[in-house]
Amino acid sequence: MTRSTLPIGVFDSGVGGLTVLHECLISLPAEDFLYLGDSGHFPYGTKSAEELRDRAQVIATGLLERGVKMLVIACNSATAAAGDEIRQLGAEAGVPVVTVVGPEAEIAATISGNGKVGVLATPATVASGAYRRALDSLGRPLTVTEVAAPDLAPIIQQGPTFDQGVLDTVRSYCDPLREAGVDTLILGCTHYPLVAPMLQRMLGRDVSLVTAGHAIAAAIQRELASRDELTTDRIEGDYRFLVTGDVDSFVEAGTRFLQLPLAGRAEKVEL
Ligand code: DGL
């Protein structure tokens, strides 16, 4: 099997990375994808950097052993804690690694009009300082307001109940961002685009929400093209799922979020 016929491996702690996979399925329809949802170890966002490094290494190794031509870390918490280690692991296997964080920082620094950029992310991502470093490295003076949202990814992962308690919680995350006058908000967790309408309503239409999916899909396309590993001999590829937690609830949530059938494409793995 030549490498270009292998799937692209994508992983997250649960369903959040599906917001990245969604863009990949649109931008790269001919490719095969193997998505690993580590829902048995969800949430990542409240784990220590050391725990996250351990998990990310186990997952990345599991995907590399199954055979992938690229690894996509569709999780900000894992990227922030273990991006360098996974890039190293990929390099040793000759497999390129694409991650979140950098692309969203670049978009935000480019589009912000008033230079006030917000970052809404998990406690692990905020504690890592990854976004602040990425934004600082871009050479534009920015005022950055970071808000850690410990409950938001779990609310989304559990779905689909959005009651007053959820609204109050989400509003409490938006308040400091409104007070800081941000005109651009990085959704620094791949789960958050799934509640973009709620965030947009609370922040107002004038705040630009920045997500990773589109930029990641473009980065994958560029990297595969440069390695001559793009799939070009068919119109649509396949997509399959490995899940470390409950398969049925992953399939139910995933079908709703992707608006594509997942039944029969997901299997349980122990990792
Ligand atoms: N979707 C993940 C992220 O981008 C993590 C959510 C979680 O497991 O807490 O950070």
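Read on for a plain summary of the structure.

The rules we used
Residues numbered from 1 in each chain as written. Predicted model: local features only at pLDDT ≥ 70, side-chain atom pairs only at ≥ 80, totals over all residues. Heavy atoms only, no water. 1 Å grid on protein atoms, 1.4 Å probe; cavity = no way out; pocket = protein on both sides within 12 Å on 5 of 7 lines; lining within 4 Å. Points joined across faces, edges and corners; volume = space filled by probe spheres on them. Helix = DSSP H or I, 4+ residues; strand = E, 2+ residues; numbered from the N terminus. Nonpolar A, V, L, I, M, F, W, Y, C, P; charged D, E, K, R; others polar. Pairing = 2+ DSSP bridges. Axes fitted to C-alpha atoms, helices over the stretch in contact; angles between N-to-C directions. Parallel < 35°, antiparallel > 145°, perpendicular 65-115°, else oblique. Left-handed = near helix turned anticlockwise from the far one by under 90°. Contact = heavy atoms within 4.5 Å.

The next point concerns the layout of surface pockets. Volume-wise, the largest pocket comes out at about 250 Å³. Surrounding the largest pocket, 17 residues form its lining, Thr19, Val20, His22, Glu23 and Pro193 being those nearest its centre. Secondary structure elements with two or more residues in the lining of the largest pocket: α1 (18-27) and α10 (213-226). Top element by residues in the lining of the largest pocket is α1. It accounts for 5 residues.

On to empty space enclosed by the protein. For the structure shown, the criterion picks out 2 cavities of 30 Å³ or more. Taken as a whole, the largest cavity encloses approximately 70 Å³ of empty space. Lining the largest cavity are 14 residues, and of these Ser13, Ser77, Thr122, Cys189 and His191 sit closest to its centre. The computed volume of the second largest cavity comes to approximately 40 Å³. Lining the second largest cavity, in full, are Pro43, Gly45, Thr46, Thr122, Pro123, Ala149, Pro150, Ala153 and Pro154. Looking at the lining of the second largest cavity residue by residue, the classes come out as 6 nonpolar, 3 polar and no charged.

The strands that make up a sheet are held in pairs by hydrogen bonds between backbone atoms, and each pair lies either parallel or antiparallel. Read across the sheet, 4 strands follow the order β6-β5-β7-β8 without closing on themselves; strand pairing throughout is parallel. Across the chains shown, the open sheet's two edge strands, defined by having one partner strand only, are β6 (143-148) and β8 (208-210). For this sheet, the mean angle separating the axes of adjacent strands, direction not counted, is 20 degrees. Taken together, the 3 bridges between strand β7 (residues 184-188) and β8 define a ladder with parallel strand orientation. Along β8, the bridge assignment pairs Thr184 with Ser208.

So, about the packing of α1 against helix α11 (residues 247-258). Contact pair α1 / α11: the axes reach a minimum separation of 10 Å and the direction vectors enclose 50 degrees. Considering their axes alone, α1 and α11 lie oblique with respect to each other. For α1 against α11, the interelement crossing comes out right-handed. Residues Leu18, Leu21, His22 and Leu25 of α1 form the contact with α11, whose own contacting residues are Phe250, Gly254 and Leu258. Residue composition of the contact of α1 with α11, by class: 5 nonpolar, 2 polar and no charged.

Fair warning: the whole summary comes from geometry, so function is off the table for now.
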